[in-house]
Amino acid sequence: QVQLVESGGGLVQAGGSLRLSCAASGRVFSINGMGWYRQAPGKQRELVAAITSGGTTNYADFVKGRFTISRDNAKNTVYLHMNSLKSEDTAVYYCAADDKDTAKVYAYWGQGTQVTVSS
């Protein structure tokens, strides 16, 4: 099993920045790709950004140019750097990780961290 713990959420004014962290523990050697999702009240969970074990990144159109995903494999941690935040970025942000042993995409999820952007 893999455990994911997010941190770094909070309240920020529009135009501000936050950095989310997601620390993995347990069977970290089974982790392949990782990603960040978000879910706003009354909306479906949506992919924000993803990164492969080799560092290739992918972003949702609504965050391109504002958010950056990165990972530190030595620390088993993935980050989401969020700049130029907008009120519509308010959501619970979740970290997820693939399991390469079972080939299950986003087999593991964190508990989520709240990001609130005030306008």
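So, here's what we can say about the structure. Please read all numbers here as calculations on a predicted model, not as lab measurements.

Section: the pairing of strand β11 (residues 113-118)
Successive residues of a regular strand alternate their side chains across the two faces of the sheet.
Thinking step 1. Burial along β11 is one-sided: T113, V115 and V117 are buried, and none of Q114, T116 and S118, which face the opposite way, are.
Thinking step 2. Looking at chain direction, strand β2 (residues 10-13) and β11 are connected through four bridges and run parallel. In the sheet register, L11 faces β11, and the bridge partner there is T116.
Thinking step 3. Note that strand β9 (residues 91-99) and β11 share three bridges and pair antiparallel. When the sheet's bridge partners are listed, A91 is paired in β11 with V115.

Observations regarding the state of the cysteines
Thinking step 1. The tally for this structure, following the rule as stated, stands at one disulfide.
Thinking step 2. Here C22 pairs with C95 through a disulfide, and the sulfurs are 2.1 Å apart. Across the S-S bond linking C22 and C95, the dihedral sits near -80 degrees, which makes this disulfide left-handed. Note that C22 is positioned in strand β3 (residues 18-26) and C95 in strand β9, a separation of 73 residues in sequence.

Some points on the sheet that holds strand β8 (residues 77-82)
Thinking step 1. An order of β1-β3-β8-β7 is seen for the four strands of this open sheet, with the pairing classed as antiparallel. At either margin of the open sheet sits one strand with a lone partner, and together these are β1 (2-7) and β7 (67-72). Each neighbouring strand pair of the sheet contributes to a mean axis angle of 15 degrees, computed without reference to strand direction.
Thinking step 2. Summarising the sheet, β1 and β3 pair through six bridges and their orientation is antiparallel. Residue pairing across strands places S7 opposite S21, the latter belonging to β3.

So, the packing of aromatic side chains
Thinking step 1. Applying the stated rule across the entire model yields three aromatic pairs.
Thinking step 2. Consider the rings of Y37 and Y106, whose centres lie 5.3 Å apart with planes at 85 degrees: the pair is edge-to-face. Within this pair, whereas Y37 is found in strand β4 (residues 31-39), its partner Y106 is found in strand β10 (residues 104-109), the two being separated by 69 residues in sequence. By the burial criterion, Y37 is buried, and Y106 matches it.
Thinking step 3. The structure contains a cluster of three or more aromatic residues connected by ring pairs, namely Y37, Y106 and W109.
Thinking step 4. Against the face of Y94 rests R45, its NZ or CZ located 3.9 Å from the ring centre.

Reading guide: rules and limits
Residues numbered from 1 in each chain as written. Predicted model: local features only at pLDDT ≥ 70, side-chain atom pairs only at ≥ 80, totals over all residues. Heavy atoms only, no water. Buried < 20%, exposed > 50% of the residue type's maximum accessible area, 1.4 Å probe, protein only. Helix = DSSP H or I, 4+ residues; strand = E, 2+ residues; numbered from the N terminus. Pairing = 2+ DSSP bridges. Disulfide = S-S within 2.5 Å. Axes fitted to C-alpha atoms, helices over the stretch in contact; angles between N-to-C directions. Phe/Tyr/Trp six-rings, centres within 6.5 Å; stacked < 30°, edge-to-face > 60°. Lys NZ or Arg CZ within 6 Å of the ring centre and 35° of its normal.

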